[in-house]
Amino acid sequence: MDGPATSGTLRAFSNLPDPRGCNVIHKLHDILVISVCAVICGADGWVDVELYGKSKLSWLRTFLDLPHGIPSHDTFGRVFAKLHPDAFEQCFNAWVGAIAQSAGGRLIAIDGKAIRRSFEHAWARNNMTHMVSAFVDAHRMVFGQVAVDDKSNEIEAIPRLLGLLDIQDATVTIDAAGCQTQIARQIVDAGGNYVLSVKENQPRTRLRLVRRCTRRSGSCWTKRS
């Protein structure tokens, strides 16, 4: 993460309310930036975030205050437990949106996945957590996520996720679950382009595309799914 990206992080989170009292020793923006950097680098828990901060202390001091060094993993956990989730989401989306704009022409891939080990028992996976994510190819990062009850609800989550993203001049790709007129219209109205997969869940649309492809080229190969 370079200087412009980290300075953008500080600006994006500058209005996030600090839920702590007045007797704090670690600044909120220091905690937020360290956490974001650590997660991007693969941290999987607050202990990992603390270890990341200590290993990168010299670099972090080049743009963070850190008056009392790196917070403990307990401090990271307590602060994030008290943050207002909606306020944090707004600030985070503002930051990643600013980074995405710097990429110019963008490819945004939207897809739904079940989170590994999110079920209680191996024999009862019907309660797994599903996330619909937007992956920006230029940055190799997920820039937005929406949770759904199960895979069948992805079609309801895609419009909500699109509403969180700046897709002006971007090309959005979605699998067959998102091949819906309303979704295509939402992308176009937001200034983007779309590439939607058509499978047998849309038989009429698929048949029209096959016929159009046949008329233009004399043959058309389609994959049955």
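Note: the structure precedes this text.
What counts, and at which threshold
Residues numbered from 1 in each chain as written. Predicted model: local features only at pLDDT ≥ 70, side-chain atom pairs only at ≥ 80, totals over all residues. Heavy atoms only, no water. Helix = DSSP H or I, 4+ residues; strand = E, 2+ residues; numbered from the N terminus. Buried < 20%, exposed > 50% of the residue type's maximum accessible area, 1.4 Å probe, protein only. Contact = heavy atoms within 4.5 Å. Areas by Shrake-Rupley, 256 points an atom, 1.4 Å probe, with all protein chains shown as cover. Expected span 1.5 Å × (residues − 1). Salt bridge = Lys/Arg side-chain N within 4 Å of Asp/Glu carboxyl O. Axes fitted to C-alpha atoms, helices over the stretch in contact; angles between N-to-C directions. Parallel < 35°, antiparallel > 145°, perpendicular 65-115°, else oblique. Nonpolar A, V, L, I, M, F, W, Y, C, P; charged D, E, K, R; others polar. Core = buried A, V, L, I, M, F, W, Y, C linked by side-chain atoms within 4.5 Å. Phe/Tyr/Trp six-rings, centres within 6.5 Å; stacked < 30°, edge-to-face > 60°.

### Side note on the overall build of the chain
Then, number 1: Assigned secondary structure in the chain consists of nine helices and five strands.
Then, number 2: The helix and strand sequence of the chain, counted from the amino end, reads α-α-α-α-α-α-β-β-β-α-β-α-β-α.
Then, number 3: Considering the chain as a whole, with its 225 residues, one finds that 35% of them fall into the buried category.
Then, number 4: Of the contacts made within the chain by residues no fewer than 6 positions apart, 48% connect residues no fewer than 24 positions apart.
Then, number 5: Carbon and sulfur atoms make up 52% of the accessible area of the chain, which amounts to about 13,600 Å² in all.

### Some remarks on helix H2 (residues 28-40)
Then, number 1: Here H2 contains 13 residues, and its C-alpha end-to-end distance of 19 Å stays within 8% of the 18 Å for a straight helix at 1.5 Å per residue.
Then, number 2: Burial of H2 is extensive: 10 of the 13 residues sit out of reach of the surface.
Then, number 3: For H2, the complete set of buried residues consists of Leu28, Asp30, Ile31, Leu32, Val33, Ile34, Ser35, Val36, Cys37 and Ala38.
Then, number 4: One or two residues past the end of H2 sits Gly42, with phi positive at roughly 105°.

### Concerning the pattern of salt bridges
Then, number 1: Tallying each qualifying case throughout the model produces three salt bridges.
Then, number 2: The closest approach of N and O atoms between Asp18 and Arg20, which form a salt bridge, is 2.9 Å.
Then, number 3: Classification of Arg20 as buried rests on a relative accessible area of 17%.

### Observations concerning the packing of H2 against helix H5 (residues 73-82)
Helix packing for two helices is described by the angle between their axes and how far apart those axes are.
Then, number 1: Between H2 and H5, whose axes approach to 11 Å, the crossing angle comes to 105°. Relative to H5, the element H2 is oriented roughly perpendicular. Along its contact with H2, which presents Leu28, Ile31, Leu32, Ile34 and Ser35, the element H5 presents Thr75, Phe76, Val79 and Phe80.
Then, number 2: Its residues assigned to classes, the contact of H2 with H5 comprises seven nonpolar, two polar and no charged.

### Points about the packing of H2 against helix H3 (residues 46-55)
Then, number 1: The contact between H2 and H3 brings their axes to 9 Å, and the two run at 100°. It follows from the interaxial angle that H2 and H3 lie roughly perpendicular. Every residue of H3 that contacts H2 at Ile34, Ser35, Cys37 and Ala38 is listed here: Trp46, Val49, Tyr52 and Gly53.

### Considerations on the nonpolar core
Then, number 1: Ranked by internal contacts, the top residues of the largest apolar core, which has 24 residues, are Phe13, Leu16 and Ile34.
Then, number 2: Those elements giving two or more residues to this core turn out to be H2, H3, H5 and helix H6 (85-101).
Then, number 3: The greatest single-element share of this core, amounting to eight residues, is contributed by H2.
Then, number 4: When neighbours within four sequence positions are excluded, Leu16 is seen to be in contact with Leu28, Leu32, Leu83, Ala87, Phe88 and Cys91.

### Thoughts on the packing of aromatic side chains
Then, number 1: Considering all chains together, one arrives at five aromatic pairs under this definition.
Then, number 2: With 6.3 Å between their ring centres and 5° between their planes, Trp46 and Phe76 make a pair best called stacked. Of this pair, Trp46 sits in helix H3 while Phe76 sits in helix H5; the two residues are 30 residues apart in sequence, bridging distant segments of the chain.
Then, number 3: Using a relative accessible area of 33% as the deciding quantity, one classes Trp46 as partly exposed.
Then, number 4: The interplanar angle of 70° and the centroid separation of 4.9 Å between the aromatic rings of Trp59 and Phe63 together place this pair among those described as edge-to-face.
Then, number 5: By relative accessible area, Trp59 is classed as partly exposed at 31%.
Then, number 6: Phe63 gets classed as partly exposed once you look at its relative accessible area, which sits at 22%.
Then, number 7: Put simply, the rings of Phe13, Trp46, Phe76, Phe80 and Phe88 touch in pairs and so form one group of aromatic residues.

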